[in-house]
Amino acid sequence: MPSPRRSVEGRPLGVSASSSSSSGSPGSPAHGGGGSSRFEFQSLLSSRATGVDPACARLRASESPVHRRSSFPLAAAGPSQAPPPPLPEEDRMDLNPSFLGIALRSLLAIDLWLSKKLGVCAGESSSWGSVRPLMKLLEISGHGIPWLVGTLYCLCRSDSWAGREVLMNLLFALLLDLLLVALIKGLVRRRRPAHNQMDMFVTLSVDKYSFPSGHATRAALMSRFILNHLVLAIPLRVLVVLWAFVLGLSRVMLGRHNVTDVAFGFFLGYMQYSIVDYCWLSPHNAPVLFLLWSQQ
Ligand SMILES: CC(C)=CCC/C(C)=C/COP(=O)(O)O
């Protein structure tokens, strides 16, 4: 007989508790595995009838929402009144999915469904496969390398202190973005969508992960930076915003990302600009940096 703890931890409680019942095999969809309170009630009764270890039944009952309200006579009449040992958090979530848990799972399901639907350029044979080369061009426009190389080049050519200051901060923004995105990708480790073809231009090792989209963070960060530091005519300002939006959308259309990767990427990029603006480097607060650069 499996130990009570193992039988509870090893799989969703509803499945383990009813393995002695006759309605379907353990783990079958018929068992649900969802751990509803009605199911718990039945499983406790059947454990009594079939002589399942009472300690095991107590453990299950202790997790029942009915038992927690102290109104379940069978659980109260167990051989020992000692409080059962606490169960791992993940089991409790299985039995009592919180509103937040349900909302998150629903959001995730919608995200996956929508991302798959929007991934119309994911392959050459996809419905919008002919637009794929254009999307890949957009991809390069938001890649880190052209932005870094361009900024360094302009920094070398700049002959004014004001220009150097803006470019130095642009460089700081790009590096901060690379660092934060790599850090979050490495922590979250969300796989790219299954329909993605990994044929991207120069990637880092963390780029096998998709959350958040580095292109989306860069799009939001760069467009905010440009709009705040370059004097541009209105049509050009609209174009910058449009570029950022289409770049984000193209990530999902190419099948590189799910919608939430891009949405969070936009949010993160927006916030990154606020950090850059807050820590704005100038000859006053970072004289060493500017002196070093002027000696190049
Ligand atoms: C190699 C350098 C300097 C940057 C990598 C840029 C890159 C490939 C980011 C991944 O973007 P997504 O997360 O949007 O796919």
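Residues numbered from 1 in each chain as written. Predicted model: local features only at pLDDT ≥ 70, side-chain atom pairs only at ≥ 80, totals over all residues. Heavy atoms only, no water.

### A short note on helix H13 (residues 234-253)
Thinking step 1. In this model, H13 (20 residues) spans 28 Å end to end at C-alpha, consistent with the 28 Å of a helix rising 1.5 Å per residue.
Thinking step 2. Those residues of H13 not exposed but buried are Val 240, Trp 243, Ala 244, Leu 247, Gly 248, Ser 250, Arg 251, Val 252 and Met 253.
Thinking step 3. The elements touched by buried residues of H13 are helix H8 (99-118), helix H9 (132-141), helix H10 (144-157), helix H12 (214-229) and helix H14 (259-278).
Thinking step 4. Of the residues trailing H13, Gly 255 is marked for its positive phi of about 80°. (Helix = DSSP H or I, 4+ residues; strand = E, 2+ residues; numbered from the N terminus. Expected span 1.5 Å × (residues − 1). Buried < 20%, exposed > 50% of the residue type's maximum accessible area, 1.4 Å probe, protein only. Contact = heavy atoms within 4.5 Å.)

### A short note on a nonpolar patch on the surface
Thinking step 1. On the surface, Ile 110, Trp 113, Leu 114, Leu 118, Leu 236, Leu 239, Leu 242, Phe 245, Val 246 and Leu 249 cluster together to form a nonpolar patch covering roughly 900 Å² of accessible area.
Thinking step 2. Mapped by element, the contributors of at least two residues to the nonpolar patch are H8 and H13.
Thinking step 3. Sort the elements by how many residues they give to the nonpolar patch and H13 lands first, with six residues.
Thinking step 4. Here Leu 118 lies in helix H8. (Patch = residues over 30% accessible without salt bridge, like charges linked within 9 Å, V, L, I, M, F, W, Y side chains within 5 Å. Areas by Shrake-Rupley, 256 points an atom, 1.4 Å probe, with all protein chains shown as cover. Salt bridge = Lys/Arg side-chain N within 4 Å of Asp/Glu carboxyl O.)

### Here's the deal with the environment of Leu 107
Thinking step 1. Following the sequence through the fold, Leu 107 ends up in helix H8.
Thinking step 2. The class for Leu 107 is partly exposed, based on a relative accessible area of 46%.
Thinking step 3. Note: C-alpha distance between Leu 107 and Thr 260 (153 residues apart in sequence) is 9.1 Å.

### Description of the pattern of salt bridges
Thinking step 1. Considering all chains together, one arrives at ten salt bridges under this definition.
Thinking step 2. Here Asp 207 makes a salt bridge to Lys 185, at a shortest N to O gap of 3.0 Å. Of this pair, Asp 207 sits in the loop between helix H11 (161-188) and H12 while Lys 185 sits in helix H11, placing them 22 residues apart in sequence. Lys 185 carries the same exposure label as Asp 207, and that label is buried.
Thinking step 3. Look at the salt bridges and you will find they share partners, linking Glu 124, Arg 132, Lys 136, Glu 139, Asp 199, Arg 251 and Arg 256 into a network.

### Quick look at the UniProt feature "transmembrane region" (unreviewed entry) in the protein
Thinking step 1. UniProt annotation of "transmembrane region" (unreviewed entry) refers to residues 166-188, 225-250 and 262-281 when read in the numbering used here.
Thinking step 2. Helix makes up 85% of residues 262-281 and strand 0%, with an end-to-end C-alpha separation of 29 Å. (UniProt positions renumbered as here; feature names shortened; annotations may be inferred.)

### Concerning the site of the ligand
Thinking step 1. Around the ligand lies a shell of 17 residues, among which Lys 185, Arg 192, Gly 214, His 215 and Arg 251 are the nearest.
Thinking step 2. Here an oxygen atom of the ligand sits 2.8 Å away from a polar atom, N or O, in the main chain of Gly 214.
Thinking step 3. Isolated, the ligand exposes 440 Å² of accessible area, and the fraction of that covered by the protein chains is 94%.
Thinking step 4. The site holding the ligand turns out to be the largest pocket.
Thinking step 5. The set of elements that each furnish at least two residues to the shell around the ligand consists of H11 and H12.
Thinking step 6. Among the elements that line the shell around the ligand, the one with the most residues is H12, at three residues.
Thinking step 7. Of the residues in the shell around the ligand, the class split is six nonpolar, six polar and five charged. (Near = heavy atom within 4 Å. Polar contact = N/O pair within 3.5 Å; in protein donor to acceptor, adjacent residues only side chain to side chain. 1 Å grid on protein atoms, 1.4 Å probe; cavity = no way out; pocket = protein on both sides within 12 Å on 5 of 7 lines; lining within 4 Å. Sits in = over half its atoms within 2 Å of the grid points. Nonpolar A, V, L, I, M, F, W, Y, C, P; charged D, E, K, R; others polar.)

### As for the layout of surface pockets
Thinking step 1. Volume-wise, the largest pocket comes out at about 280 Å³.
Thinking step 2. Contributing to the lining of the largest pocket are 22 residues, with His 143, Leu 178, Leu 204, Asp 207 and Arg 218 lying nearest its centre.
Thinking step 3. The set of elements that each furnish at least two residues to the lining of the largest pocket consists of H10, H11 and H12. (Points joined across faces, edges and corners; volume = space filled by probe spheres on them.)

### Looking at the packing of aromatic side chains
Aromatic ring pairs are defined here through the distance separating the ring centres and the angle between the ring planes.
Thinking step 1. One pass over the full model with this rule turns up six aromatic pairs.
Thinking step 2. For the pair Phe 211 and Phe 264, a centre-to-centre distance of 4.8 Å together with 25° between the ring planes defines the contact as stacked. In this pair, Phe 211 sits in the loop between H11 and H12 while Phe 264 sits in helix H14, placing the two residues 53 residues apart along the sequence.
Thinking step 3. The class for Phe 264 is partly exposed, based on a relative accessible area of 27%.
Thinking step 4. If you follow Arg 164 out to its NZ or CZ, it ends over the ring of Trp 161, 4.8 Å from the centre.
Thinking step 5. Here the guanidinium or amino end of Arg 224 rests over the ring plane of Tyr 270, the centre of that ring lying 3.9 Å away. (Phe/Tyr/Trp six-rings, centres within 6.5 Å; stacked < 30°, edge-to-face > 60°. Lys NZ or Arg CZ within 6 Å of the ring centre and 35° of its normal.)

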